[in-house]
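# Coordinate inspection notes
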Amino acid sequence: MFRKSCTCHLRSAFFPPWLSVYLACTASLLSTELKYVRGMQVTSAGPQTIHKAEGESVTLGCSYTLSPFDTGELDIEWSVVSPDTTQKDQMLVSYTSGTTYVHGNHALAKGLSFAAPDPSLGDASISIALLSPTHSATYQCKVKKSPGVDMRKVSLVVLAKPSVPKCWVEGGELVGEAVSLHCKSAKGSTPLKYTWKRESAGPIPAAATQNSMTGELKISNHSQSFAGFYLCEVKNAVGAEHCRINLKANKPPNRAGVIVGTVVGSLLLIFILLVFTGLLYWKLSIRHRFEKEFSNDIREDAPPPESRPVSRGTSRSASQHPQVTYCQVGRTDISFLKDGRTYIPSSNSHGHTAAKYTAVEYDSKYGYAV
């Protein structure tokens, strides 16, 4: 009794009556406003980041619950959040007064629609068909029913599945030498992770090292223990592919036999070159001797014509006209032309000399007849 009276006495001493009433009214208003804020709620609790493969479809969840205090008109908006905070978000699709509106004609709106036939029944999720890399973005669902409002953001990442990789071996697969297994996928969104596994004869020996980024399995000292079938798997966040290869362990060839074979082959090649050179020289020498004998036969069959004496008058005329040879027979000057004809001048009644040409035969031994 004493404690209660002391408490009342202290309250009346430190808090005047008007202040108590003010505090009570403020608390009442805050509790009422808190009820309004908590009235509209988006209840979807899926992952905040979704990874999907190119060509697939996805549903971005946005389920909500209304409160009896929410009496305004229902408004649902889906938009793409701009990475730049100074820029506006891109509106994609909205629902107001029972009507669906598609905003813009950009690539993000293609294949986009509300998942439920009637979004006003508590499900504002959207579906996107045939995903492409352009659909990678952060999406925001905003549900308003005055005075309540709530929103949810979800990030969508569209990746390309890795293509079927190609497996190959570098090295001669010889025992005692280094050999490498390689695996490479031509397509696929990074990061790609490569993993080598052995399908037969137990796990991969510890001496082999593999690189998950490049897809290389390196064996420094190859032996029979490494032989067998190997499987390479490449994967990313949306898919995986693999390839197989058979690694053999061949015995190295006999080095002494290889050296002997190389020496014998080299000697045989040299011998063939010498024989070919000798045959070519022999053929050329025979040809040269035949051409020399043939030219000697031509000289013996056709000797040069014998020289004949020439008179002084003919010599003097020949010096003046080298193409004509003159010969005096009686009083008549006979000229021998270069083409083998004979020129004999004759005089007419007026004292003029007329030229007369006669054909002269040529003898191969004595020349032209005079």
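Residues numbered from 1 in each chain as written. Predicted model: local features only at pLDDT ≥ 70, side-chain atom pairs only at ≥ 80, totals over all residues. Heavy atoms only, no water.

This part takes up the overall build of the protein chain. When you go through the protein chain residue by residue, the secondary structure sums to four helices and 24 strands. Counting the 370 residues in the protein chain, one finds 26% classified as buried. A total accessible area of about 25600 Å² is found for the protein chain, and carbon and sulfur atoms account for 59% of it. (Helix = DSSP H or I, 4+ residues; strand = E, 2+ residues; numbered from the N terminus. Buried < 20%, exposed > 50% of the residue type's maximum accessible area, 1.4 Å probe, protein only. Areas by Shrake-Rupley, 256 points an atom, 1.4 Å probe, with all protein chains shown as cover.)

Generally speaking, soluble globular proteins have nonpolar side chains that are buried together. The biggest cluster of nonpolar side chains holds 28 residues, and the ones touching the most others in it are L60, W78, Y139 and V143. Residue assignment for this core shows that the elements contributing at least two residues are β3 (58-60), β5 (74-80), β6 (90-96), β8 (112-114), β9 (126-128), β10 (137-145) and β11 (148-159). In contact with V143, not counting residues within four places along its chain, are M40, V42, C62, Y64, L74, D75, I76, G148, V149 and D150. Of all hydrophobic cores here, the second largest spans 17 residues; its members include L192, L217, I219 and F226. (Core = buried A, V, L, I, M, F, W, Y, C linked by side-chain atoms within 4.5 Å. Contact = heavy atoms within 4.5 Å.)

Scanning the model with the defined rule gives three disulfides in all. Disulfide pairing places C183 opposite C232 at an S-S distance of 2.1 Å. Taking the torsion about the sulfur-sulfur bond, which here is approximately -90°, the covalent link between C183 and C232 counts as left-handed. Pair noted here: C183 is in strand β13 (residues 179-184) and C232 is in strand β17 (residues 228-235), with a separation of 49 residues, a long-range link. Numbered by position along the chain, the disulfide-linked cysteines of the protein chain connect as 1-2, 3-6, 4-5. (Disulfide = S-S within 2.5 Å.)

It is worth spelling out the sheet that holds β5 at this point. Here six strands make up an open sheet; going across it, the order is β2-β11-β10-β5-β6-β7 and the pairing mixed. The open sheet has two edge strands, β2 (49-53) and β7 (99-102), and neither has a second partner. Adjacent strand axes in the sheet meet at a mean angle of 20°, parallel and antiparallel pairs treated alike. When β5 meets β6, the two strands line up antiparallel, connected through six bridges. Paired with V80 across the two strands is Q90, which belongs to β6. (Pairing = 2+ DSSP bridges. Axes fitted to C-alpha atoms, helices over the stretch in contact; angles between N-to-C directions.)

Now for the environment of D150. Take D150: it is sitting in strand β11. Its relative accessible area of 23% is what places D150 among the partly exposed residues. Residues D150 and M40 lie 110 residues apart in sequence; the distance between their C-alpha atoms is 6.1 Å. With residues near it in sequence (within four places) discarded, D150 still touches M40, Q41, V42, C141, K142 and V143.

Following the criterion strictly, the structure yields one aromatic pair and no others. The ring of W168 is capped by K166, whose NZ or CZ atom sits 6.0 Å from the centre of that ring. (Phe/Tyr/Trp six-rings, centres within 6.5 Å; stacked < 30°, edge-to-face > 60°. Lys NZ or Arg CZ within 6 Å of the ring centre and 35° of its normal.)

Here the focus is the pattern of salt bridges. Overall, the coordinates contain three salt bridges when judged by the stated rule. Its salt-bridge partner being D75, residue K144 comes within 3.6 Å of it at the nearest N-O pair. Here K144, found in strand β10, pairs with D75, found in strand β5; they are 69 residues apart in sequence, far enough to count as distant. The closest approach of N and O atoms between E199 and R244, which form a salt bridge, is 2.7 Å. Here the residue E199 occupies a position in the loop between β14 (193-198) and β15 (209-211), and R244 occupies one in strand β18 (residues 240-247), the gap between them amounting to 45 residues. For E199, a relative accessible area of 41% puts it in the partly exposed group. (Salt bridge = Lys/Arg side-chain N within 4 Å of Asp/Glu carboxyl O.)

Turning our attention to the pairing of β5. Consecutive residues of a regular strand have side chains that alternate between opposite faces of the sheet. Extensive coverage of β5 is indicated by the burial of seven of its seven residues. By the alternation rule, side chains of β5 split into L74, I76, W78 and V80 and D75, E77 and S79, which are all buried.

Of the residues in the protein chain, 68% have a pLDDT of 70 or more, and the chain-wide mean is 78. Contacts of residues 1-14 to residues separated by more than four positions or lying in other chains number zero contacts, the stretch itself having pLDDT below 50. (pLDDT = per-residue confidence, 0-100.)

Moving on: a nonpolar patch on the surface. Together, I259, V263, L267, I270 and L274 line one region of the surface with nonpolar side chains, adding up to about 500 Å² of accessible area. Tracing the backbone shows I259 in helix α3 (residues 255-301). Residue classification places I259 among the exposed positions, given a relative accessible area of 55%. (Patch = residues over 30% accessible without salt bridge, like charges linked within 9 Å, V, L, I, M, F, W, Y side chains within 5 Å.)

For the rest of this paragraph, the subject is unusual backbone geometry. The peptide bond linking S146 to P147 adopts the cis configuration, its omega dihedral lying at 5°. That bond from T190 to P191 is cis: its omega, 0°, falls within 30 degrees of zero. Its place among the elements puts P191 in the loop between β13 and β14. A positive phi angle, close to 55°, is found at S97, a residue other than glycine. Structurally, S97 is set in the loop between β6 and β7.

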